[in-house]
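# Geometric and topological summary
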Amino acid sequence: MVSELTIDDITGLLGEEADSLLNHKCDTVGAEQLHLPGSDFVDRIFIPSDRGNQALRNLAQVFNHGRLAGTGHLSILPVDQGVEHSAGASFAKNPAYFDPENIVRLGYEGGCNAVASTFGVLGMTARKWAHHIPFIVKINHNELLTYPNTFDQIRFGTVREAWNMGAAGIGATVYFGSPESNRQLVEIAEAFHEAHELGMFTVLWCYTRNDAFKTGGTDYHAAADLTGQANHLGVTIEADVIKQKLPETNRGYEALNAGDSSYGKLDPLMYDKLASDHPIDLTRYQVLNCYMGRAGLINSGGASSGHSDKAEAVRTAVINKRAGGMGLISGRKSFQRPMEEGIELLHAIQDVYRNEEIAVA
């Protein structure tokens, strides 16, 4: 049994950023205006919605599973990199995860609320595991075997197939800003409608992708304003949970409107009133675009960088929680290492959300 991180442990992992992240006061949009995670989240947010009883039951199942059960926060293990990045590149560091059952076991023993993976992984393990940990079937993927590489999200199965295997929810990605985004948006809107009718909840990976988002020497794919609008489009097609990368910068709309170019719409108040340069405030802007938190924001744990993974994961969890987010979705940091170490890392993330001394800013 891994011992639970204390506030002193978390402070140590945050290092020089500890004071800034743990004591920051958000002066943009106050926490009192947000719909924050809590034990009553499904009743408070989704009962007034158009989600049916079976979808409510599956949402409640996820919120009441694992080490974060009853908190309103989510810790999800996502492993679709075998398709998205190639299985060899993803599992070379730990070949045990070529076996899909080890992926599900990691989510279960790691205390996660759910495991998100491919039709193949979850279908191969469904009869043994679907009643032990909620399944989220990722229904589309970008594959990198086509030569030359193309970047598009392709459907790999049907919503009903996910329902038949006992999945509690489905997940999907839309590459907002890409030439293919209109088709992806229509496909996934239809899939989410069918999933809700069948009683499953929905999770949308709201990624931005366009080479033009790299301009003036800055990469704006993780800009708060662009990712925030991607989130807003995600909740528009009734994603119940939004998955987004942690913001690293802002003012993407301004950069893309420089010179003779014209892109989107912006208001200076987006930057002067609704956000600041602080990472918690940037993430809060993402939460605002999730209907003030009615659709929970879970941020990405990011790529594995080795010995610093635990500190990076704790940092992301602190930022997400204090911004008003719902949780973390962390894959490579946990499965690209021995299982016991992966479990320890997942528990560290969960300990941030379990710790009552870390409050919303």
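Conventions used here
- Residues numbered from 1 in each chain as written.
- Predicted model: local features only at pLDDT ≥ 70, side-chain atom pairs only at ≥ 80, totals over all residues.
- Heavy atoms only, no water.
- Phe/Tyr/Trp six-rings, centres within 6.5 Å; stacked < 30°, edge-to-face > 60°.
- Helix = DSSP H or I, 4+ residues; strand = E, 2+ residues; numbered from the N terminus.
- Buried < 20%, exposed > 50% of the residue type's maximum accessible area, 1.4 Å probe, protein only.
- Patch = residues over 30% accessible without salt bridge, like charges linked within 9 Å, V, L, I, M, F, W, Y side chains within 5 Å.
- Areas by Shrake-Rupley, 256 points an atom, 1.4 Å probe, with all protein chains shown as cover.
- Salt bridge = Lys/Arg side-chain N within 4 Å of Asp/Glu carboxyl O.
- Lys, Arg positive; Asp, Glu negative; His and termini not counted.
- Charge placed at Lys NZ, Arg CZ, Asp CG, Glu CD.
- Pairing = 2+ DSSP bridges.
- Axes fitted to C-alpha atoms, helices over the stretch in contact; angles between N-to-C directions.
- Contact = heavy atoms within 4.5 Å.

## Section: the packing of aromatic side chains
Across all of its chains, the model carries 8 aromatic pairs by this definition. Relative to Phe 63, the ring of Phe 41 lies with its centre 5.8 Å away and its plane at 45°, an arrangement referred to as tilted. Pair noted here: Phe 41 is in helix H3 (residues 41-46) and Phe 63 is in helix H4 (residues 53-63), with a separation of 22 residues, a long-range link. When sorted by exposure, Phe 41 lands in the same class as Phe 63, which is buried. Here Phe 213 and Tyr 263 contribute two aromatic rings whose centre-to-centre distance is 6.0 Å and whose plane-to-plane angle is 65°, an arrangement assigned as edge-to-face.

## Re a negative patch on the surface
Together, Asp 8, Asp 9, Glu 356 and Glu 357 give the surface a local cluster of negative charge. In this structure, Asp 9 sits in helix H1 (residues 7-14). Residue classification places Asp 9 among the partly exposed residues on the basis of a relative accessible area of 35%.

## A few points about the sheet that holds strand E12 (residues 327-329)
Spatially, E1-E2-E3-E6-E7-E10-E11-E12 is the arrangement adopted by the 8 strands of the closed barrel, whose pairing is parallel. Looking at each pair of strands side by side, their axes are set apart by 25° on average, direction ignored. For strand E10 (residues 241-244) and strand E11 (residues 296-300), the ladder comprises 4 bridges, and the chain directions are parallel. Bridging across to E11, Ile 242 finds its partner in Leu 297. Strands E10 and E11 of the sheet are contacted by helix H13 (residues 279-288), whose axis makes an angle of about 135° with E11. Running over the sheet, helix H14 (residues 309-323) touches E11 and E12 and is turned about 160° from E11.

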